[in-house]
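# Working through the structure, step by step
These are the residues of each chain, in order.
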Amino acid sequence: MAEMVKSTTSGGPRAAEANPVSRFFRATEIDTRLLGMIGALIIIWIGFHIITGGLFLTPRNLWNLSVQTTDIAVMTTGMVLIIVTRNIDLSVGSVLGLCGMIMGVTQAKILPEYIGFDSPFTWAITLLVGLAAGCLIGAFQGIIIAFLNVPSFIVTLGGLLVWRGATWLVTSGQTVAPMDQTFRIMGGGAEGSIGATWSWIVGICACLFVIASIVGSRRQRRRFGFPRRPMWAEYFLAILSCVLILGAVWIANSYYWPINIAKKYAETNNIPWPETGLDIPYGIAVPVLIAIVVGIIMTFIATRLRFGRYVFAIGGNPEAAELAGIKTRWVTVRIFALMGILAAIAAAISTARLNAATNSQGTLDELYTIAAAVIGGTSLAGGTGTIAGAMLGALVMQSLQSGMVLAHVDTPLQSVVVGTVLVVAVWLDTVYRSRAK
């Protein structure tokens, strides 16, 4: 009881004078900007559900929406760190296309000559080659920016053109297909999902992880004498997080394989086909799991590692960071190398989903990645941004695209809407920062 009294009274007279809504947000420490974005996402979903005659908020569309968001969501986690340091990367879409083409050629043309077709090592070697290519490209651009003092806008704008041209030169514009069977798992679909049972296991483990994180955070605050949230706020956050996680799992398990695929699976595994059909849930898609793991790792890097503190210090005041002994140039190189790795991961997901590497792969993805980061609260002025907000921004962007496709909106008008949303997001960020001052 004493602990609860101490934690609830830590706000002092100001907390007592605040209205109930302000006290609630202060107690739970919920980011109001993130909450506003969630509200906007809900409005978008409900609006498109009404416009499309009930097609948007269905398990099938939500499952496809989650898979389609993954490549942009993966790249926007790195874009946050780049924008935080007052840089920009316009080349991520072209890097994605080049890495995808390199991985396609590696597994379809090069490796079969040495280890044969259907080798269990094909997917691993292909992925390593792609990650290495992305890292080298990113590091190369970072070195030019950091040590030759060429603005990142110019370097990555040149990279947008150079790497897109290199993508065409690898195969003279030819599409490379098909991909390795194991490699295709990273793209989703019936083979790239973990099923109902494993989805529930992953969901329960995620709930336990959230609860352990809340308990660990509370212990750390007590250890260092920091103010703690009221116990009711801890319970509220734990319950809300678990409800959202298990709700997402339930939706994923409510989407079933098409009849033709289910029949083929039943014939292959000698399963009798019942008269009512065979309902096989997709469960959580593998690319969604990859995006979630990337988000967790990038959040850990940004908030818990020294490298992450350096990134935000550089974004806040580059001169002061350098005077403090931070090797700002090497931090910049590492950020762009990390961005290249993330672009390669997104390329693997995109190539696996398409079951092909194409010359146009990743076109305009750089704009959607930047837009997702900005919509997610990353300030173009530097120093401010969150990984979770950026990934939520990617979901907002993909929701707009998916909804407009279902509503049969013309492609030019879709571009108008996306551009307008980006401008409005930057304007809102400017207003928020001016009021914060």
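Residues numbered from 1 in each chain as written. Predicted model: local features only at pLDDT ≥ 70, side-chain atom pairs only at ≥ 80, totals over all residues. Heavy atoms only, no water.

In the nomenclature of an unreviewed UniProt entry, the chain is known as Xylose transport system permease protein XylH of Rhizobium sophorae. What UniProt states about the chain under its Function (unreviewed entry) heading is, verbatim, "Part of the binding-protein-dependent transport system for D-xylose. Probably responsible for the translocation of the substrate across the membrane." Regarding the chain, the relevant UniProt record gives this comment under Subcellular location (unreviewed entry): "Cell membrane". (UniProt positions renumbered as here; feature names shortened; annotations may be inferred.)

### What about the packing of aromatic side chains?
Taken as a whole and assessed by the stated rule, the structure comprises 11 aromatic pairs. On the numbers, 5.6 Å between centres and 70 degrees between planes, the contact of F24 with F25 is edge-to-face. Look at F25 and you get partly exposed, because its relative accessible area is 23%. Plain terms: the ring middles of W257 and Y265 are 5.2 Å apart, the flat faces sit at 85 degrees to each other, and that makes the pair edge-to-face. Y265 sits in the partly exposed class, given a relative accessible area of 35%. Pairwise contacts between aromatic rings join F24, F25, W232 and F236 into one cluster. (Phe/Tyr/Trp six-rings, centres within 6.5 Å; stacked < 30°, edge-to-face > 60°. Buried < 20%, exposed > 50% of the residue type's maximum accessible area, 1.4 Å probe, protein only.)

### Points about the domain arrangement of the chain
Structurally, the chain comprises domain 1 (53–191 + 285–436) and domain 2 (193–283). Taken over C-alpha atoms, the centre of domain 1 sits 26 Å from the centre of domain 2. Of the roughly 980 Å² buried where domain 1 meets domain 2, counting both sides, 73% is carbon and sulfur surface. Taken together, domain 1 and domain 2 are joined by zero salt bridges. On inspection of domain 1 and its partner domain 2, the count reaches four residue pairs in polar contact (both at pLDDT 80 or more). Elements with a contribution of two residues or more to the side of domain 1 that touches domain 2: α5 (59–84) and α12 (286–304). When residues in the side of domain 1 that touches domain 2 are grouped by element, the largest group, five residues, is from α5. Looking at the side of domain 1 that touches domain 2, its residues break down into seven nonpolar, two polar and two charged. (Domains from an automatic or database assignment. Buried area = accessible area lost by both parts, 1.4 Å probe. Salt bridge = Lys/Arg side-chain N within 4 Å of Asp/Glu carboxyl O. Polar contact = N/O pair within 3.5 Å; in protein donor to acceptor, adjacent residues only side chain to side chain. Helix = DSSP H or I, 4+ residues; strand = E, 2+ residues; numbered from the N terminus. Nonpolar A, V, L, I, M, F, W, Y, C, P; charged D, E, K, R; others polar.)

### Here we look at the pattern of salt bridges
The full count for this structure, using the stated rule, is five salt bridges. Residue R353 pairs with D71 through a salt bridge whose shortest N-O separation is 3.4 Å. Separated by 282 residues along the polypeptide, R353 in helix α15 (residues 328–354) and D71 in helix α5 bring together distant segments of the chain. Between E234 and R218 there is a salt bridge, and its shortest N-O distance comes to 2.9 Å. Of this pair, E234 sits in helix α10 (residues 231–253) while R218 sits in helix α9 (residues 195–224); the two residues are 16 residues apart in sequence, bridging distant segments of the chain. Exposure class is identical for E234 and R218. Each is buried.

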